[in-house]
Each structure stands twice: as C-alpha cells, then as structure tokens.
Amino acid sequence: MCNKNDGHRKSETYFQDQTMWGFVHRSFTKSMGYTDEDIRKPVIGICNTFSELNKCHAHFNDLVDYVKRGVWQAGGMPMEFPTISIGEPYVKPTTMLLRNLAAMDTEEMMRAHPIDGVVLIGGCDKTIPAQLMAAASVNIPAIVLAGGPMLNGRLNGESLGACTDCYRFTLEHKAGNLSDEQLSEAENAICRSDGHCMVMGTASTMASIAEGLGMSLPGCAAIPAVDARRRHMSEMTGKQIVKLVEADIRPRDIMTKEALENAIKVTMASGGSTNAIIHLVALAQRLGMALPLENFDKISAETPFILNVRPSGQYQMEEYFEAGGVPALMKELEPLLHTACLTVTGKTVAENLDGVKVLDRQVIYPLTDPIEKDGGIVVLKGNLAPSGALIKKTAVSEKFKKHKGRAVVFESLIDLDNRIDDPALDVDENSVLILKHVGPKGAPGMPEVGQIPIPQKLLEKGVRDMVRISDGRISGTSYGTLVVHVAPEAAVGGPLAFVKDGDEIEIDLQNRVLHLHVNEEELANRRAAWVRPQPHFDRGYGMLFEQTVLQADMGCDFDFLVPKQLRPATTAENQSSDRREEL
Ligand code: FES
C-alpha cells in the first residue's frame, strides 16, 4: 500500500509490478477495455450506492457518468464499484442497524483494491456517515459527492417537504381531517423528483456536514438532485479527486478537530438533525478523537441558528440552494469558523469563502439578527440520562421548555402499538410519554421511533405536541418535544429501565436537566429487581451488532472499529462514555 511519502501510488504496485501478478493485474484490467496508457494513470474508485431499493439514490448512475468524465479529463482512470445501499423507507428494522456494515463494506472495498483516491457518492441518511467513517479509517484521498435533495413537493399551491409533511398528513388523516383520497393525492405530490428528503433532515444535514468538514466541493450539498448543476458538480468532483491524489491530500489532513468543530457549527446554525451527533461522534472516534456530548452543547450555545429551513424553519433545500447554499451559510458564520482548515479544493475555508454572498436573507439570516441566538440541539443530563440525551430545541413547543409531568410508560414498540390509542389509557396533555427498549441494543439498532404518536383521544381534542422521551432516535424531519438518545439505554440497565407509570419527570432545557423524581432507595429497589432482556439474535450480523455496538453517546460504532485508546473499558454491556471515563 502506498504510504504518504513513499512516492508510489497504490495502483502502481499492481500495474507496474514485474511479477506474474503484475501480468495478471494488467491483463485482466485490459480485458475490460482499459489500455496500457490508462493503467498508468491514478486509479479513482467511484463508490456508487445506486439501488432500486433506495429511492434517494435512483439517479446515481447518471451522476457516476459525469464523475467519470471529470476523472478522465483530469488524467485519472475511473473504476466504479458498489457497496450496500441503505434507504430509509424500506430497510427494517432500521437503517441504523446497517450503517456500520456499510462503513465496513466501504472501508474494505477501498483497502482491498488498487484505488489511489475515491469519490464517495451518498445521500440517504446513513450513507454519507458510513462513507466518511470509512474514509477516516482508510485515509486515502477522498471526496464526498452528495446526491442532492428532491425538488419541493407541490400540492394546491403549497410547498411540501418529505418527510416532515409525511407526519403531518398521516396525523391529520388519523384525526379525521383528511380523506383517503386527499391522503393519496398528497402521496403523489410530495416526492416529485429524484433525490433525498428536501428538508433539513438527516440526509441534508449530513451532506451539509460533508461540506462543512471540507470533504465536499463548496456548494455541493444543496443543489437539487435533478438540477443540471449537480451534473456539473459531479464532473468537477471527478476532476478534483485526481488533483487530490496528485497532491496527496488525505481525509485526515482535512478532518481535523477544528474541521469537526466547523461541521458542528454548520449543523447548529442549520437546525440540523439530532442524528448528526451520533454520526459525528463515530466519525471523530475513527479519526482518533473523543467527542463528548458536552462539546455539542457548548458549540450549540455559541452558534446562532440562522437557517430558515424546515423542519425548524419555513423554506426547503431548493430555496437554500438559491440563497447560496452551505457556502453562503458558512460565509455568514465565518467569524465563528476555523477558517485556516484545509478542504478538498486544496484551499482553506477562508479561501473558499472569498467572494461568497448570501443571496436571500429570508432563508439565511444575519449572524447579528439570527432566528435564535443559539443553536438547535441541547444536551440534557440528569439521573434519567447519566450519559446524556438530546433534544432539538428548535422543534420544541414553548410551554414544554420547562415542564414536569406524570410518566406514561411503554415497555416496547409492541406495547406502544397495543395501547397508545386505547381510550382507557390514563394520559392527558401534560403527561410525559416514555418509550423504552428502542436503543442501540434494545430495539435493536436504535430505530427512528422517538416521535411517539400522540394518543388518539388527545389528537381529537386538538393536542399536537407532548413531552416524549425514549432511548431511540428521531428522523431529522421530525418535530415536537422529543427527548431522544437517552444513554445508557434501558436494555443495558440504564435508569430509563426503572421508570414506572405515574413517576414525576422534569425537563428543563435552559438548565439542561432531565430528572426522574424518584428517591434513591426506591430506585435501588427497582434496579435490584431488573431483569436483563434476552438477546434478539443468536447468529449473523445481528449478533455481531448486538454484542459490539456502543451506546449513543459513543456514536453507536462497533467497539472493535474504534481505535484501541478510545474503546470503553469493557466490551460486555454498558458501552457508553461513562465507562470510557473510567480508563
Ligand atoms: Fe432517503 Fe429521507 S428517505 S433521505
């Protein structure tokens, strides 16, 4: 393998090799139509996550053609390869179960082949995180090319967003305010082009993060999937990766501590998805850095929320693109950013931002007159979440920012399904809904079920938000008072496991508190009576996941994929930063 300073590209060790294996490499490659001249060029892998099972990536083969054009133009030799493709709508039980598999797949494909540099094409929620994690671990020159968001949905003159409006339409249909025909019409109108979800959900957040980190070309994240300029961006990305190989600029030269902080600032200023926290923690660990949740809270408190894009704002990715996209947002954030960071352009953040302008102040607010003076995500701690929990402040109802209420507990998703709409359920609008056993090990895979449905009888009374707490995740497109990622989770004996119906729970965003008002003696009794749940799997990938996945505050990576010095003290169960602090 080519090391940074040994002067040889990895592909040269294959194609310039004078042994029988060199003959085999050359002959088998030339059989695909490549010439002797071609195989002397840098080999650029193009990681294509196209799949008909992944709607968000349906247009990727088209983008690949343009990337290849750019690679050839710049003097490289493109070689496309597949990895698993994870799309949110179909994958059961949850895509998060497969993120680490995708990261391993991408990593091993990059390691095992004569690839000098790679273009990573991703889009749907878990794909860009997996690709960044792989790039961090392998550390060969890499650029992320996001697939781009869908065009705005349109219906009766209204702009629709997937999947924020998916929740709204489903809720209103359930409440009896929409007919079956109207629901079907909405289904037809909401997703009207190729691309990923067009609000600031996880996909848009992670594409923005790739750009904020310096791992995508400036402007890449917000271009609509079907806009001709995404094809231009694909071609430019193909050209640029060849230059990165020639300059030997690698992901670890770009994804520094400062670059991670820039990415967190972009996330907070954008009202980005809570899922980004898990992915950024996992990415930082792959880079050899611990990234405690407190860092997010600190940066969030120092970063104004300035992007008026749903689900926390009014507009969508199409308007964000027209307002200048991530470069314009970063231009506004420039005084807060580490502008000396290197990026895939080969230039610094400051150089990339030279001359950039915000084109629409309705979409990107000034730093001096923000939508909110601090960022979107708050880290809560307390006896209910000793290793932390997250809440997206920008989506919280004002009256619930400080609240005490009685717990209504659901032990599992099945329990929730069976009882949530029971007219006899003892619940009112001030209750706190608790959902257990939907964490990394509990569900398993930490599904996006933290947007616990409002009970039917309260829906009919007009209730549209309640305090809801779980050890699961939420979609980046969710809204409401949703406390998620409670760590440690119930399935490993975290305090959430001991909450009972009627317990008083306190939430206080300003003071970062999540407290279970049950005395210590009673909690100790409940802990002593706790029975560990049975594992879900006795073979296969599921078993590997269940045995090795870390807690949410450690990014849900597998323990053996994290550099040794950052692994928790035990790999047996409670794999959270609590354990790491014991090291
Ligand atoms: Fe793929 Fe939303 S379903 S990004």
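For the structure, check the block above.
So, here's what we can say about the structure. (Residues numbered from 1 in each chain as written. Predicted model: local features only at pLDDT ≥ 70, side-chain atom pairs only at ≥ 80, totals over all residues. Heavy atoms only, no water.)

### Concerning unusual backbone geometry
- In this model, Ala162 is joined to Cys163 through a cis peptide bond whose omega is 0 degrees.
- Position of Cys163 among the secondary structure elements: in the loop between β6 (158-160) and α6 (164-174).
- In the segment running from Arg310 into Pro311, the intervening peptide bond is cis, with an omega of 10 degrees.
- Along the chain, Pro311 turns up in the loop between α13 (293-302) and α14 (317-322).
- Positioned with a positive phi, Asn139 is a non-glycine residue whose angle comes to about 60 degrees.
- When you line up the elements, Asn139 lands in the loop between α5 (127-138) and β4 (142-146).
- Phi at Asp248 is positive, roughly 55 degrees, even though this residue is not glycine.
- By relative accessible area, Asp248 is classed as buried at 16%. (Helix = DSSP H or I, 4+ residues; strand = E, 2+ residues; numbered from the N terminus. Buried < 20%, exposed > 50% of the residue type's maximum accessible area, 1.4 Å probe, protein only.)

### Remarks on the sheet that holds β4
- Strand order across the open sheet formed by four strands is β2-β1-β3-β4, with parallel pairing between neighbours. With one partner strand each, in any of the chains shown, β2 (77-82) and β4 form the two edges of the open sheet. Neighbour-to-neighbour, the strand axes of this sheet turn through a mean angle of 20 degrees, independent of strand direction.
- Here strand β3 (residues 117-122) runs beside β4; their pairing, made up of five bridges, is parallel. The residue of β4 that forms the bridge with Gly122 is Ala146.
- Against the sheet, α5 makes contact with β1 (43-48), β3 and β4, and its axis sits at roughly 160 degrees relative to β3, the strand it touches most. (Pairing = 2+ DSSP bridges. Axes fitted to C-alpha atoms, helices over the stretch in contact; angles between N-to-C directions. Contact = heavy atoms within 4.5 Å.)

### Looking at the packing of α6 against helix α7 (residues 180-190)
- Relative to each other, α6 and α7 sit at 175 degrees, their axes nearing to 10 Å. Between α6 and α7, the interaxial angle falls into the category roughly antiparallel. Here Asp165, Cys166, Phe169, Thr170 and His173 of α6 lie close against α7, whose contacting residues are Asp180, Leu183, Ala186 and Ile190.
- When the residues that make up the contact of α6 with α7 are grouped by side-chain class, the tally is five nonpolar, two polar and two charged. (Parallel < 35°, antiparallel > 145°, perpendicular 65-115°, else oblique. Nonpolar A, V, L, I, M, F, W, Y, C, P; charged D, E, K, R; others polar.)

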